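# A structural walkthrough
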Amino acid sequence: MYLPQDARSQPVKFIRGGRTIFNIRYSARLLRPLVDDDRATFQKYACRVRSLTFERYDDDKPRKLHDSAALALLDSPASPSSPFPLLRELYWYDKRDVLLPCLQRCISTTLTRLVIHSELWPSAMVDLIAGLGKACPKIKEFRCSTPTASACAMLSDFVTCWDDLEVLETGAVNVQALQHLASLKKLRELKMLVPEGLSLDLDPTSTFSVMFSLDEFSITAANIELLLAFLAPLQISAKSAKLDIDSPPNADDLNHLLSSLTEHFQPNVLKSLGVLVNRPAYFDDHVLFELPPSAFRKIRAFTGLTDLNLSSMHVSITEDEVLDLVSAWPQMECLYLATRWDWGFTRLGVTFGGLAGILERCPNLHTLGVNLDTLPPNDSLVHIDNQYSGIAREKVTELDVGYAECDNIEAISNLSAGMCPSLTHIDRAHPIDIDYDHHSDQNEWFEETNRWKEVESFMAQKRMEQLEQNNGQ
């Protein structure tokens, strides 16, 4: 803080071993009222500031700006109306309502990038944001996370004031705002949040459509019905698309979404696709959420994919079906297929022979998530001398094995090291009913996970031995 030391609190210092150590808990406060000279000193530096961040106030943070100090600096009658006249970037993560006047003082016509993260939307925040369109006419990047459904109409009104937008992250906007955004030639990243309770006012029988050309498109919806409704009029040419659904959809609705993706995204442009759904909090019948393998059939049309994340899907798929599926994506680099959750019953998996087939069809893979079947006789690729010879890919560094067991650490380690000699990280699916507050209920899962960690260590040791051997030659 650019103020005299007698005007502000100081971190507590003490000496240990000749080194000065700061107390990890420190809240910046004013020790006396500010005088004109103090304000002149502050303004001397403030007029040079181009980027300003209000971090989240957290008791665990080592240094914090107390609200009284912030208000004295920025919301005093003696403070200038625009304390940072050259400010270009403003990042607001502070959740203290009392500091909203400080945010108001920092809003200016010079801003080109504005990020506001607020989980609470008091009326003062709504009023402030409602005027952003005219208050900040030069905005190129605006991010406003977690807006309420009632705030979305207001967001729709002011985004139409911005003609230079390049990046927008905000709540779902209306048709008029969508048309304006689609007309912006510089817009390259669009992220939409569709909160619970939002009425999109879209006619499902309408043939109206809006066409976007973007680098990245992302949408997070409270449920799949809202996502489908918002997506309905959109035709998107994007390199990356990510769809997040907060509540778990049933298999029929999710199947419909996956099958309709080619209607909304240009297959010859899309490189990265993620469709993520939340786990069900309660379920009596897993079949309600289980997809047929045919649900992935139309995704094969995106032949240029290099990144595909379907990790949270629940699907029973054979090894042959997996191999047929991945054969459509020879450029794939990062692939996750139904490996996030273990639903607690035996499902079909991919053997090590199938894993070799995936590596053969996707030679550029560096990250792979697939449910492995590691049980005998599926380790038959290991010969008598416990060595593997066949397809190997040094690019692979991360492997998610899904619900796979690990009964033979040495054999599995040798197979994994032979196929993926650079593998450094192995992950496993979490139980669908995991209780993070009572880990004792998942002791078996932790034990199995620890065995896979032993595979990691085995492979690391093997690489070290090989490196020492090579250096010794």
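The rules we used
- Residues numbered from 1 in each chain as written.
- Predicted model: local features only at pLDDT ≥ 70, side-chain atom pairs only at ≥ 80, totals over all residues.
- Heavy atoms only, no water.
- Patch = residues over 30% accessible without salt bridge, like charges linked within 9 Å, V, L, I, M, F, W, Y side chains within 5 Å.
- Areas by Shrake-Rupley, 256 points an atom, 1.4 Å probe, with all protein chains shown as cover.
- Salt bridge = Lys/Arg side-chain N within 4 Å of Asp/Glu carboxyl O.
- Lys, Arg positive; Asp, Glu negative; His and termini not counted.
- Charge placed at Lys NZ, Arg CZ, Asp CG, Glu CD.
- Buried < 20%, exposed > 50% of the residue type's maximum accessible area, 1.4 Å probe, protein only.
- Helix = DSSP H or I, 4+ residues; strand = E, 2+ residues; numbered from the N terminus.
- Contact = heavy atoms within 4.5 Å.
- Core = buried A, V, L, I, M, F, W, Y, C linked by side-chain atoms within 4.5 Å.
- pLDDT = per-residue confidence, 0-100.
- Arc of directions from axis to C-beta.
- Phe/Tyr/Trp six-rings, centres within 6.5 Å; stacked < 30°, edge-to-face > 60°.
- Axes fitted to C-alpha atoms, helices over the stretch in contact; angles between N-to-C directions.
- Parallel < 35°, antiparallel > 145°, perpendicular 65-115°, else oblique.
- Left-handed = near helix turned anticlockwise from the far one by under 90°.
- Nonpolar A, V, L, I, M, F, W, Y, C, P; charged D, E, K, R; others polar.
- Pairing = 2+ DSSP bridges.

## Things to note about a negative patch on the surface
Taken together, the side chains of E405, D407, E444 and E447 define an acidic patch exposed on the protein surface. According to the relative accessible area criterion, E405 is partly exposed, its value standing at 36%.

## A closer look at the environment of P292
Within the secondary structure, P292 is located in the loop between β13 (272–277) and β14 (307–310). On the basis of relative accessibility, which here comes to 31%, the residue P292 falls in the partly exposed class. Expressed as a C-alpha distance, the spacing of P292 and N255, which sit 37 residues apart in the sequence, is 8.1 Å. Dropping the residues within four chain positions of it, P292 is found in contact with N255 and V315.

## A short note on the nonpolar core
Inside soluble globular proteins, nonpolar side chains tend to come together where they are buried. In this structure, I129, L132, F217 and F296 are the most contacted members of the largest nonpolar core, which totals 125 residues. In contact with F217, not counting residues within four places along its chain, are L190, L231, L234, I236, A238, S240, A241, K242, L243 and F265.

## What about the confidence of the model for the protein?
For the protein, per-residue confidence averages 83 on the pLDDT scale, and 82% of positions sit at 70 or higher. When the criterion is pLDDT under 50, residues 6–15 qualifies, and its contacts beyond four places in sequence or with other chains add up to 33 contacts. Of the regions scoring below 50 in pLDDT, residues 20–32 engages in 52 contacts with residues more than four places distant in sequence or in other chains.

## Section: the pattern of salt bridges
The tally for this structure, following the rule as stated, stands at 13 salt bridges. Among the salt bridges present, the one from R113 reaches E89, with a minimum N-O distance of 3.3 Å. Within this pair, whereas R113 is found in strand β7 (residues 113–117), its partner E89 is found in strand β6 (residues 89–92), the two being separated by 24 residues in sequence. Here K191 ties to E189 by a salt bridge, and the two come within 3.6 Å at their closest N and O atoms.

## Quick notes on the side chain of T170
As for its placement among the helices and strands, T170 is situated in strand β9 (residues 167–171). Not counting residues up to four positions away in its chain, the partners in contact with T170 are F142, C144, P147, L155, K191, M192 and L193.

## Concerning the side chain of H264
Here H264 lies in helix α9 (residues 251–264). Contacts of H264, omitting those with residues within four sequence positions, involve L231, A232, L234, Q235 and I236.

## As for unusual backbone geometry
Positioned with a positive phi, A338 is a non-glycine residue whose angle comes to about 55 degrees. Locating A338 in the fold gives a position in the loop between β15 (334–337) and β16 (341–342). Taking relative accessible area as the criterion, A338 reaches 3% and is therefore assigned buried.

## Description of helix α2 (residues 67–74)
Those residues of α2 that fall on the buried side of the exposure criterion are A69, A70, L73 and L74. Down the axis of α2, the sector holding all buried residues measures 105 degrees, keeping them to one side.

## Points about the packing of aromatic side chains
For the structure on display, the rule yields 5 aromatic pairs. Judged by centre distance (5.2 Å) and plane angle (55 degrees), the rings of F142 and W162 are tilted. One end of the pair, F142, is in strand β8 (residues 141–145); the other, W162, is in the loop between α6 (149–159) and β9, and 20 residues separate them in sequence. Relative accessible area serves as the criterion here: at 0%, F142 is assigned to the buried category. W162 gets classed as buried once you look at its relative accessible area, which sits at 0%. Relative to F265, the ring of F217 has its centre 6.0 Å away and its plane inclined at 55 degrees; by these criteria the two rings are tilted. You can see F217 sitting in strand β11 (residues 210–221) and its partner F265 sitting in the loop between α9 and β13, a full 48 residues away along the chain. In this structure, F217 and F265 share a single accessibility class: buried. What links up through ring pairs into an aromatic cluster is the set F142, F158 and W162.

## Considering the packing of helix α4 (residues 123–130) against α6
Following both chains from N to C, one finds α4 and α6 inclined at 20 degrees, their axes separated by 9 Å at the closest point. It follows from the interaxial angle that α4 and α6 lie roughly parallel. Crossing angle aside, the handedness with which α4 passes α6 is left-handed. Of α6, the residues touching α4 (which contributes V126, I129 and A130) are M154, L155 and F158. Of the residues in the contact of α4 with α6, the class split is 6 nonpolar, no polar and no charged.

## Focus: the pairing of β13
Taken residue by residue, a regular strand's side chains alternate between the two faces of the sheet. Of all the 6 residues making up β13, 6 are buried; the element is thus mostly covered by neighbouring parts of the structure. Judged by which residues are buried, β13 turns out to be covered on both faces: S272, G274 and L276 on one side and L273, V275 and V277 on the other are all buried. Here strand β12 (residues 234–245) runs beside β13; their pairing, made up of 6 bridges, is parallel. The partner of L243 across the bridge, within β13, is V275. Pairing geometry for β13 and β14, over 3 bridges, is parallel. Within β14, the residue paired with G274 across the bridge is N309.

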